[in-house]
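Close look at the chain arrangement
As a plain string of letters, each chain reads:
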Amino acid sequence: MNTAGHPEATARRGLELTPFRGLRYDPDRVGSLAAVTSPPYDVVVRPDGLHHLQDADPHNIVRLILPQAGTPSARNEQAAKTLRRWLSEGVLTADPEPGLYVYEQHDGDGMLQRGIIGALRVTEPAEGLVLPHEDVMPHVVADRAALMRATSANLEPLLLTYRGNGTAADTTAVIERTVERPPLLATTTEDGFSHRLWSITDPADLARVQSDLTRHQALIADGHHRWATYRRLRAEHPSPSAWDYGLVLLVDTARYPLRVRAIHRLLHGLPVPDALAALDGLFRVRRLDAPLPEALEALADAACTGNAYLLAGDGAFHLVDQPDAALLARTVPADRPAAWRTLDATVLHATLLAHVWHIPEDDPTRIAYIHDTAATVRKAERDGGTAVLMHPVREDVVRDLARQGVTMPRKSTSFGPKPASGLVLRALDL
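Described below are features of the structure shown in this document. Residue numbers here run from 1 along each chain, matching the order of that chain's written sequence. pLDDT decides what is reported in this predicted model: residues at 70 or higher carry local features, side-chain atom pairs at 80 or more are listed and counted, and totals for whole chains, interfaces and linings draw on all residues regardless. As a rule here, side-chain values cover all heavy atoms of the structure and leave hydrogens and water aside.

Let's shift gears to helix α10 (residues 292-303). Helix length check: α10, at 12 residues, gives a terminal C-alpha distance of 16 Å against a target of 16 Å (1.5 Å per residue), a fit within 8%. Type-normalised accessible area, obtained with a 1.4 Å probe on protein chains alone, sets the label of each residue: buried when under 20%, exposed when over 50%, and partly exposed for intermediate values. Each helix corresponds to a stretch of at least 4 residues labelled H or I by DSSP, and each strand to a stretch of at least 2 residues labelled E; elements are numbered beginning at the N terminus. Residues of α10 that are buried: A295, L299 and A302. Buried residues along α10 cover an arc of 65 degrees about the axis, so they all sit on one side. Across α10 from its buried face, at more than 90 degrees, point the exposed residues P293, E297 and D301. Looking at the buried residues of α10, the elements they touch are β15 (284-288), β16 (308-312), β17 (317-321) and β19 (386-389). Expected span of a helix, by definition, is 1.5 Å for each gap between consecutive residues, and there is one gap fewer than residues. Along the arc lie the directions from the helix axis toward the C-beta atoms. Here, residues are in contact when the closest pair of their heavy atoms is within 4.5 Å.

Right, here's the structure in full:
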């Protein structure tokens, strides 16, 4: 039976988080810890962001998570050789004993996130323990799987959330006691976020965390493709094996709420005038001669009453809202909950991309998914394409749909702050 919509299933087994010997940079062998970190692989804006990170330090983690070579197989082999070399040279070293890792991020705006990094038992959606909320693109899963096979490593943690119960003996209590100690590392990255990491090796604390997590289910906040990759690789290896587990960061959003932001679309080869012309009679379109912050405020206001988007790329912003009801009835599948049918991402993919603009959502030559709002606009203006700016979805909507076993259109949300890649890695042969 599919238990994705039955939270009581979690009580029978629950999340299983396991200590591991983390691989970490030796600070004496690199320019700085900040210089070797990176955003997650799918957030790096290529190629300019990639080159910037590569130039920051010869040991930047992008050389592992986004290796550069002429073919996919050459890229993966290069990453494997680089990882082996850094291990042999002592650039990366394994911690002496297995542990779980407390990870903290904070910025100057009062954002504080704390969570716990460990190796989580990989489960299927039907078990109702790790809930996906977005679809994945098969070619991305295949790419990540090939890289993990070549390196035999989990190179960056994905981000999961759960809702804690606030009891004195739960994971959050262990975390908040741990952060009173000096950290293993502390650094501040160029985005203004400060990062600190501690290890938990005390058997009693490990037992408290592991026992508490058996009472919870988790939502994938960021890393659907990597979780699907973990599932694929687990299926390829007979159990028990190290591939039964994958590297994750678990955050209790009852204690440390995340920010939920939108992921925007860049439509290649579709100039803004052509995109707008196709909307005639189907959506209301209003030109906004305003800077980006004011345009985003107008988008937020419009999104309160229905589907709304900002189109950009011609030097102005165009607010698109009030879709034709008959158009939605023809194009949006009716076999899903109303909360799914009315999502901006649903209408964008089912109606605008598929039926109005005729753009395949899986074709990277036609569409790109970009987290940074201003960068999306700049790229559209530079390339002559159309930026489609989205309004974010609330976390409770995401979680409720996931508990019903309903996945949102891919790249519907961007939870953050995301864990920095490069602070702790997991080698599967340790």
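So that's the structure; there's more coming.
Strand order across the open sheet formed by 4 strands is β3-β2-β21-β7, with antiparallel pairing between neighbours. Sheet topology places β3 (92-94) and β7 (153-154) at the edges, where each strand pairs with a single neighbour. Any two strands between which DSSP finds at least two bridges are classified as paired. The pairing of strand β2 (residues 22-25) with β3 spans 3 bridges and is antiparallel. By the bridge assignment, Y25 is partnered in β3 with L92. Angular values range over 0 to 180 degrees, each being the angle between N-to-C directions of two axes fitted as lines to C-alpha atoms, with helices fitted over their stretch in contact. Relative to β3, helix α4 (residues 72-89) is tilted by about 70 degrees, and along the sheet it contacts β2, β3 and β7.

As a further point, take the layout of surface pockets. The rule is simple: put a 1 Å grid over the protein atoms alone, call a set of points where a 1.4 Å probe fits but cannot get out a cavity, call an open set with protein on both sides within 12 Å along at least five of seven lines a pocket, and count a residue as lining if it has an atom within 4 Å of a point. Grid points are joined across faces, edges and corners, and a volume is the space filled by probe spheres set on the points. The calculated volume of the second largest pocket comes to roughly 390 Å³. Taken together, 21 residues form the lining of the second largest pocket, with A303, L343, D344, P392 and V393 sitting closest to its centre. For the lining of the second largest pocket, the secondary-structure elements that each account for two or more residues are α10 and α13 (344-357). Each residue receives one of three labels: charged for Asp, Glu, Lys and Arg, nonpolar for Ala, Val, Leu, Ile, Met, Phe, Trp, Tyr, Cys and Pro, and polar for the others, Gly being one of them. Residues that form the lining of the second largest pocket fall into these classes: 12 nonpolar, 5 polar and 4 charged.

Attention now moves to the pattern of salt bridges. Pairs may arise between side chains of opposite charge once their charged atoms sit close together. Salt bridge criterion: a side-chain nitrogen from Lys or Arg within 4 Å of a carboxyl oxygen from Asp or Glu. Considering all chains together, one arrives at 25 salt bridges under this definition. Across the pair R336 and D335 runs a salt bridge, and its minimum N-O distance is 3.9 Å. Where salt bridges share partners, they join E16, R121 and E127 into one cluster.

The antiparallel open sheet is built from 6 strands, whose spatial order is β15-β17-β16-β19-β14-β18. Lying at the two open borders of the sheet, with one neighbouring strand each, are β15 and β18 (367-370). For this sheet the average axis-to-axis angle between neighbouring strands, irrespective of direction, equals 25 degrees. Bridge count between β16 and β17: 5 bridges; the pairing is antiparallel. Within the sheet, the bridge partner assigned to L310 lies in β17 and is L319.

For the rest of this paragraph, the subject is the pairing of strand β9 (residues 185-188). Burial along β9 is one-sided: L185 and T187 are buried, and none of A186 and T188, which face the opposite way, are. Bridge count between β9 and strand β10 (residues 194-200): 4 bridges; the pairing is antiparallel. Within the sheet, the bridge partner assigned to T187 lies in β10 and is H195.

It is worth spelling out unusual backbone geometry at this point. A cis geometry characterises the amide bond from S239 onward to P240, with omega recorded as -5 degrees. Relative to the helices and strands, P240 resides in the loop between α8 (224-236) and β12 (245-252). The omega angle of the peptide bond from G416 to P417 is 5 degrees, so this bond is cis rather than trans. Its location among the elements puts P417 in the loop between β20 (414-416) and β21 (425-427). Here S152, not a glycine, exhibits a phi torsion of approximately 50 degrees, which is positive. With respect to the element layout, S152 can be found in the loop between α5 (138-151) and β7. Phi angles above zero are rare outside glycine, and Q322 is one such case at about 50 degrees.

Note on placement: P419 falls in the loop between β20 and β21. We classify P419 as buried; its relative accessible area is 2%. Spatially, the C-alpha atom of P419 lies 9.0 Å from that of E104, the residues being 315 residues apart in sequence. Each residue touching P419, except ones within four places of it in the same chain, is listed here: P40, Y103, Q105, P157, L159 and L249.

Just geometry here; none of it tells us what the structure is for.
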